[in-house]
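# Understanding the architecture of this molecule
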Protein chains: 2
Amino acid sequence: MNMNDESNDRKINMKMLAKELNLSIATVSRALKDSYEVSDQTKARVKEAAARLNYVVNTQASSLRSHKTYTLAIVVPEIGDSFFTQVINGIESVADKKKYRVLICMTHDSYEREISVINELTNGRVDGVLISVASNTRNGDHFNALKRKGIPILFFDRDFKEINAASVKTDDFESAYNATCHLLDNGCKKISLITVRGGVSIFSAREEGYRQALIDNHSKPGLPDIIHCANEHSDDNIAMIRDHLLKARPDGLLLTVEHLSTDAYTACQLLGLKIPADIKIACFTTQLTAGILNPALTTIQQPAFEMGQKAAELLIEYLTYKYIQLENQHLVLPSRLILRDSTSLT
Amino acid sequence: MNMNDESNDRKINMKMLAKELNLSIATVSRALKDSYEVSDQTKARVKEAAARLNYVVNTQASSLRSHKTYTLAIVVPEIGDSFFTQVINGIESVADKKKYRVLICMTHDSYEREISVINELTNGRVDGVLISVASNTRNGDHFNALKRKGIPILFFDRDFKEINAASVKTDDFESAYNATCHLLDNGCKKISLITVRGGVSIFSAREEGYRQALIDNHSKPGLPDIIHCANEHSDDNIAMIRDHLLKARPDGLLLTVEHLSTDAYTACQLLGLKIPADIKIACFTTQLTAGILNPALTTIQQPAFEMGQKAAELLIEYLTYKYIQLENQHLVLPSRLILRDSTSLT
DNA sequence: TTTATTTACGTAAACGTTTACATTTTAAAT
DNA sequence: ATTTAAAATGTAAACGTTTACGTAAATAAA
């Protein structure tokens, strides 16, 4: 590698390509975009030179001028959650095919951070936003601001119902209902729901499914029994669950969110409770490790990857041909109840 | 909300702010950046108006002009891996403080995708790149191209040794050595290493640690015994491990990467092998679920979050004050061996 | 008072694209 | 050969910032 290499490589733009080829910048730009206005021969020349000189378009200049970024924002509470990870992979898989990029943003499940993340996105960095809202989001002004700037929004999994926007969700009510029935069928008399604080609709839907299953099965007094944890893995959660196990003595637990499985298992361990003999547990999660836990965990497995795919397809469809009425699109994908040892008959 | 709101909100830029305030665009720009060239009174007026009108700077225009993006790229094989997730969170935590954003890119552990991701980043989208290389990356031209464009690069965890660049890693040799010794101490006579294909230096370092521990402890013939899996969770891996368990009959396994734990546990289950009675297992992982597996898994826990923090601090330090010689920075952080039931004496 | 310095602002040229519009070249129609 | 249409290219103005440079007003130094 000589000094020439070094200096040549520093910033090669269309102007240089144009000079190299004795063409105007306009023609170079069009050739690179396969415009019908430029001859095949010129296209070939331009592309050859671009490849040879390692030219890569400056997306900032490009989108500044064209108002198109070919980028989708994905806003999630956390990426340390197998569900969101799989959704992201689903989104990325279709985005990639359609020549879109993704910008992953985390809110750390905080309403305030969500506002600032969304506000940042109003500046034209992205063409659209796919979001799973924070559990304590209590107002949708930031979403409306985004919509008013003409940036379409689509909710996946956790939506915010006051906002009129497209959504892709799972059948939370039904799957919680079915899981509760399964626990009842396998002999549970006293099932508690362990869920998280915050007003996210999917959690209330899961709660409703749990309640309805109890009603339909003539549950004993003292039920429903619901406790609310923090929406992150924590020692407080373990203590809270342990106290509940001691006081209420449930023989079944339905956990509404992935990270609660570790806390619930730990609490049972601390008390010497045997799963499933003393207490049966089912959890909403997509973690692959569920099958090798002690004991293997019965899960309500959501179609996370597919959810991401559907969400991205919908949004990109809208961005490409504006003819679909995005706001009216509401998809519901079915979850699967995967039976494992943690709820088996003893 | 009336029609006025709707239309007012659509695109508010510095020009409009300037007109609203009877100032020049330059003064508005400077006021928003707290330049010493503008009076406190004017700054206050500008900021008030900006807040009132929901102005947010167009980062594309800004970085196009200033050649500063205040964005770091994080390039990882996968985000569905607790280690990378935690590193990302570490990076983000310090980036946030220093007013940097992060752009997360996945290579899906493919050399080809890595090239295209890195090439995309040469166009000025980011100020620097933090990367953990794909396991089959066999050439560093794409990294050199990036460096030649003046974009600094820093490797975390998985580096590419032919490239002269900063790195933040863990003590792979020592921790593999210690884990192997621990297995030997607890009675293992025949320990196999389960690792992944590809020429990433951290895997060879872990392999060397394993080898050296065997040598130092006068291991039996037939050792070292090493098998190479695909670098993703797969049924092939399970089959491969099962075959190995049948043929070689090891009484100890050292797993070099997180996702192998599920495969190894599953393979043992299939063969009816009891952990730790029949076989003891230790694994490099940062997963929280390790403690509730069946049985709880002994882990070499890497300081993932801290690694992210250190990496980001180093890179941002360099970007802010160019006086440190980035390429000469090589940090090694110690891992911790967490003893659990999967390797306990029986 | 005059001159020098400091403070606060304005002007205008970039940054690297895209694209409406104009122009030239080539081919087709008369 | 002339006119008309189509194809290929060029010109120049945007997109929304930042910043070098210039200038006027206010203050300090002479």
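The text that follows walks through the structure, step by step, so that each part is easy to find. None of the values given here were measured: they were computed from a predicted structure. (Residues numbered from 1 in each chain as written. Chains lettered and ligands numbered in written order. Predicted model: local features only at pLDDT ≥ 70, side-chain atom pairs only at ≥ 80, totals over all residues. Heavy atoms only, no water.)

Further remarks concern the packing of aromatic side chains. Residue and element names in this part refer to chain A. Using the criterion set out here, one finds 12 aromatic pairs over all chains in the structure. Ring centres 5.3 Å apart and planes at 85° place the aromatic pair Phe-143 and Phe-155 in the edge-to-face group. Separated by 12 residues along the polypeptide, Phe-143 in helix H8 (residues 141–148) and Phe-155 in strand S4 (residues 153–156) bring together distant segments of the chain. For Phe-143, a relative accessible area of 0% gives the class buried. Considering the side-chain rings of Phe-173 and Tyr-177, the 6.2 Å spacing of their centres and the 20° angle between planes classify their relative orientation as stacked. A residue pair is termed a helical-turn pair when its members lie 3 or 4 positions apart in one helix, as Phe-173 and Tyr-177 do in helix H9 (residues 172–185) at four residues. What makes Phe-173 partly exposed here is its relative accessible area of 31%. A residue is classified by how much of its surface remains accessible, and Tyr-177, at 22% relative accessible area, is partly exposed. Sitting over the ring of Tyr-70, Lys-68 keeps its end group 4.5 Å from the ring centre. (Phe/Tyr/Trp six-rings, centres within 6.5 Å; stacked < 30°, edge-to-face > 60°. Helix = DSSP H or I, 4+ residues; strand = E, 2+ residues; numbered from the N terminus. Buried < 20%, exposed > 50% of the residue type's maximum accessible area, 1.4 Å probe, protein only. Lys NZ or Arg CZ within 6 Å of the ring centre and 35° of its normal.)

All names here are of chain B. Structurally, Thr-107 can be placed in the loop between strand S2 (101–106) and helix H7 (111–120). On the accessibility criterion, Thr-107 (0% relative accessible area) is buried. Ignoring anything within four residues of it in the chain, the contact list for Thr-107 reads Val-75, Val-76, Pro-77, Arg-113, Glu-114 and Ala-134. (Contact = heavy atoms within 4.5 Å.)

Moving on: the protein's contact with DNA strand C. As a structural note, the neighbourhood of DNA strand C is formed by 27 residues, with Ser-29 and Arg-65 of chain A together with Ser-24, Thr-27 and Thr-42 of chain B the closest of them. In DNA strand C, atoms within 4 Å of the protein come from the sugar-phosphate backbone in 63% of cases. Ser-29 of chain A is positioned with one of its side-chain polar atoms (N or O) 2.5 Å from a phosphate oxygen of DNA strand C. Listing elements by their share of the surface near DNA strand C, those giving two or more residues are helix H3 (25–32) and helix H5 (59–66) of chain A together with helix H3 (25–32) and helix H5 (59–66) of chain B. The residue inventory of the surface near DNA strand C, partitioned by class, reads 10 nonpolar, 11 polar and six charged. (Near = heavy atom within 4 Å. Polar contact = N/O pair within 3.5 Å; in protein donor to acceptor, adjacent residues only side chain to side chain. Nonpolar A, V, L, I, M, F, W, Y, C, P; charged D, E, K, R; others polar.)

Our next topic: the interface of chain A and chain B. Residue-level contacts link 57 residues of chain A with 57 residues of chain B. When residues of chain A are sorted by the area they lose upon contact with chain B, Gln-60, Arg-148 and Ile-292 of chain A head the list and together hold 16% of the total. Taken together, chain A and chain B are joined by four salt bridges. Between Arg-113 of chain A and Asp-96 of chain B there is a salt bridge, with the nearest N and O atoms lying 3.4 Å from each other. Linking chain A with chain B are 15 residue pairs in polar contact (both at pLDDT 80 or more). Every element with two or more residues in the side of chain A that touches chain B is listed here: helix H1 (3–9), H5, helix H6 (82–97), strand S2 (101–106), helix H7 (111–120), H8 and helix H12 (260–271) of chain A. (Buried area = accessible area lost by both parts, 1.4 Å probe. Salt bridge = Lys/Arg side-chain N within 4 Å of Asp/Glu carboxyl O.)

Here we take up the sheet that holds strand S12 (residues 336–338) of chain B. Residues and elements named next belong to chain B. Taken in spatial order, the six strands line up as S7-S6-S8-S9-S10-S12 in an open sheet, and their pairing is mixed. Every other strand in the sheet has two partners, leaving strand S7 (225–229) and S12 as the edge strands with one partner each. Put simply, the sheet's adjacent strands are angled 20° from each other on average, direction ignored. Strand direction decides the pairing type here: strand S6 (residues 191–196) and S7, joined by five bridges, are parallel. The residue bridging Val-196 from the neighbouring strand is Cys-229, located in S7. Packing against the sheet, helix H9 (residues 172–185) makes contact with S6, strand S8 (252–255), strand S9 (280–284), strand S10 (298–301) and S12, and its axis sits at approximately 165° to S8. (Pairing = 2+ DSSP bridges. Axes fitted to C-alpha atoms, helices over the stretch in contact; angles between N-to-C directions.)

Further remarks concern the relation of the copies chain A and chain B. For these two chains of identical sequence, chain A goes onto chain B by a turn of 180° and a shift of 0.0 Å along the axis, with RMSD 0.0 Å. Within this description, the copies of the chain are treated as partners about a two-fold rotation axis. With an isologous cut-off of 70% or more, the 100% of interface residues of chain A that recur at the interface of chain B puts this contact in the isologous class. (Least-squares fit on C-alpha atoms with pLDDT ≥ 70 in both.)

Around DNA strand D, the structure places 28 residues, and the nearest of them are Ser-24 of chain A together with Ser-29, Lys-33, Tyr-55 and Arg-65 of chain B. Per the 4 Å cut-off to the protein, sugar and phosphate atoms form 62% of the nearby atoms of DNA strand D. Between DNA strand D and Met-14 of chain B, the relevant distance is 3.0 Å, taken from a phosphate oxygen to a main-chain nitrogen or oxygen of the residue. Residue Ala-61 of chain B places a main-chain N or O atom 3.3 Å away from a base nitrogen belonging to DNA strand D. At the level of elements, H3 and H5 of chain A together with H3 and H5 of chain B are the ones that each hand at least two residues to the surface near DNA strand D. Taken together, the residues that form the surface near DNA strand D break down as 11 nonpolar, 11 polar and six charged.

This part is about the pattern of salt bridges. In total, this model carries 32 salt bridges over all chains according to the counting rule given. Each of the salt bridges in this network shares a partner with another, and the network as a whole consists of Glu-20, Glu-48 and Arg-52 of chain A.

Within a regular strand, side chains alternate between the sheet's two faces. Residue and element names in this part refer to chain B. Burial along S8 is two-sided: Gly-252 and Leu-254 and Leu-253 and Leu-255, pointing in opposite directions, are all buried. Strand direction decides the pairing type here: S6 and S8, joined by four bridges, are parallel. Bridging across to S8, Leu-193 finds its partner in Leu-254. Regarding topology, helix H12 (residues 260–271) serves as the crossover connection from S8 to the parallel S9, and that connection is right-handed. (Right-handed = clockwise from strand over helix to strand, strands pointing away.)

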